[in-house]
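# Commentary on secondary and tertiary structure
Below, each chain spelled out in residue letters.
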Amino acid sequence: MKENVFDVLMYLFENYMDEGTEFQPDQEALTHELTQAGFRRGEIRKAFSWLDGLSMLREISHGQPRAGRPASIRHYTPKEQEKLDEECRGYLQFMETSGVIDPATREVVIDRLMALEVDEIALDQLKWVMLLVLFNQPGQEYAYHMLEDMVFDEMQGHLH
């Protein structure tokens, strides 16, 4: 049996990303499919709640300016530092300075990472959450495809 919200999110992403952001499935039918795939109802509900939070953040930031101050430095709270190790924080900084994500997207990524009910975030989880966030943000298609290429290229490198 699959155990956590992240697994549910990955299943949904891998099986429904081709549907686009307009995909509005019947939650009851989707819940049935996910339970058939081995997920527990509690984790499914938490995943739906996580996705609702992502949608809410997208709606709140819709129409807000995307630019941030390039010279600013993000300071992490002690709780964020516990959950996001130095490697994860460094990767977020790298993605921002590379122009793949902007400060507003970084904040959405951090919010969604903190919403996961895990003690510590692995770098691979960070990358997938970043993909989920970029996938759900209008106007971020280029950044999404750039990150998607990077993630899948790294995965292929591990297979060989």
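Because the structure is predicted, anything quoted here is derived from the model rather than measured. The written sequence of each chain sets the order in which its residues are numbered from 1. Where totals are concerned, whole chains, interfaces and linings use all residues; where local detail is concerned, this predicted model gives features only for residues with pLDDT of at least 70, and gives and counts side-chain atom pairs only at 80 or more. Where side-chain values are given, they derive from all heavy atoms of the structure, hydrogens and water being excluded.

### Observations regarding the overall build of the protein chain
- Here a strand is any run of E in DSSP of at least two residues, a helix any run of H or I of at least four, and the numbering for each starts at the N terminus. Counting its regular elements, the protein chain contains eight helices and zero strands.
- Seen in sequence order, the protein chain has helices and strands lined up from the N terminus as α-α-α-α-α-α-α-α.
- Put simply, the protein chain has 160 residues, and 41% of those count as buried.
- Pairs of residues are marked as contacts when any of their non-hydrogen atoms sit within 4.5 Å. Partitioning the intrachain contacts of the protein chain with sequence separation of at least 6 by distance along the chain shows that 72% fall at a separation of at least 24. The classification of residues rests on relative accessible area computed with a 1.4 Å probe and restricted to protein chains. Under 20% of the type maximum is buried, over 50% is exposed, and intermediate values are partly exposed.

### Brief notes about the packing of helix α1 (residues 5-16) against helix α7 (residues 123-135)
- All axes are obtained by fitting lines to C-alpha atoms, using only the stretch in contact for helices, and the reported angles, taken between N-to-C directions, cover 0 to 180 degrees. With their axes 11 Å apart at the nearest point, α1 and α7 run at an angle of 50° to one another. Taken together, the axes of α1 and α7 are oblique relative to one another. As α1 packs across α7, the resulting crossing turns out to be left-handed. Across the interface between the two elements, Phe-6, Leu-9, Met-10 and Phe-13 of α1 pack against Gln-125, Trp-128, Val-129, Leu-131, Leu-132 and Phe-135 of α7.
- In this classification, Asp, Glu, Lys and Arg are treated as charged, Ala, Val, Leu, Ile, Met, Phe, Trp, Tyr, Cys and Pro as nonpolar, and every other residue, Gly included, as polar. Classifying every residue of the contact of α1 with α7 by side-chain character gives nine nonpolar, one polar and no charged. Angles below 35 degrees are treated as roughly parallel, those above 145 as roughly antiparallel, those between 65 and 115 as roughly perpendicular, and all remaining angles as oblique. Two helices crossing with the near one rotated counterclockwise from the far one by less than a right angle form a left-handed crossing, whereas a clockwise rotation gives a right-handed crossing.

### Side note on the packing of aromatic side chains
- Pairing of aromatic side chains requires ring centres within 6.5 Å, counting the rings of Phe and Tyr and the six-membered ring of Trp. Pairs whose planes differ by under 30 degrees are stacked, by over 60 edge-to-face, and all others tilted. Inspection of every chain in the model, using the stated rule, returns six aromatic pairs.
- Summarising the aromatic geometry, the rings of Phe-13 and Phe-135 are spaced 5.8 Å apart at their centres and angled 90° between planes, so their arrangement reads as edge-to-face. Taken together, the residues Phe-13 in helix α1 and Phe-135 in helix α7 connect sequence positions 122 residues apart.
- Look at Phe-13 and you get buried, because its relative accessible area is 4%.
- Following the ring pairs from residue to residue traces out a cluster consisting of Phe-13, Trp-128, Phe-135 and Tyr-144.
- To sit over a ring, a charge needs its Lys NZ or Arg CZ within 6 Å of the ring centre and within 35 degrees of the ring normal. Its end group placed over the ring of Tyr-76, Arg-89 keeps NZ or CZ at 5.9 Å from the ring centre.
- The cationic tip of Arg-112 hangs over the ring face of Trp-50; the distance from NZ or CZ to the ring centre is 5.3 Å.

### Details of the pattern of salt bridges
- Any carboxyl oxygen of Asp or Glu within 4 Å of a side-chain nitrogen of Lys or Arg constitutes a salt bridge here. Inspection of every chain in the model, using the stated rule, returns eight salt bridges.
- The partner of Lys-46 in a salt bridge is Glu-43, with the nearest N and O atoms 3.5 Å apart. With a gap of three residues between them, Lys-46 and Glu-43 both fall in helix α3 (residues 41-61), about one helical turn apart.
- Since its relative accessible area comes to 9%, Glu-43 is described here as buried.
- Residue Glu-107 is joined to Arg-106 by a salt bridge in which the shortest nitrogen-to-oxygen separation is 2.9 Å.
- When its relative accessible area of 31% is taken as the criterion, Glu-107 is described as partly exposed.

### Points about the nonpolar core
- Leu-34, Leu-116, Leu-126, Met-130 and Leu-147 are the most contacted members of the largest nonpolar core, which totals 45 residues.
- Of all the elements in the fold, those that place two or more residues in this core are α1, α2 (27-36), α3, α5 (86-97), α6 (103-115), α7 and α8 (141-159).
- The biggest single contributor to this core is α7, with 10 residues.
- Excluding its chain neighbours within four sequence positions, the residues that come into contact with Leu-147 are Tyr-91, Met-95, Val-100, Lys-127, Met-130, Leu-131 and Leu-134. Among the buried residues, those of types Ala, Val, Leu, Ile, Met, Phe, Trp, Tyr and Cys that are joined through side-chain atoms within 4.5 Å form a nonpolar core.

### With respect to the confidence of the model for the protein chain
- With 81% of its residues at a pLDDT of 70 or more, the protein chain has an overall mean of 83.
- Confidence of the predictor at the level of single residues is captured by pLDDT, which takes values from 0 to 100. Mean pLDDT across the elements of the protein chain bottoms out in α8 (70) and peaks in helix α4 (residues 78-83) (96).

### Focus: the side chain of Glu-80
- Looking at the element boundaries, Glu-80 is found in helix α4.
- Those residues within four positions of Glu-80 in sequence are excluded, and the remaining contacts are Arg-74, His-75, Ile-110 and Met-114.

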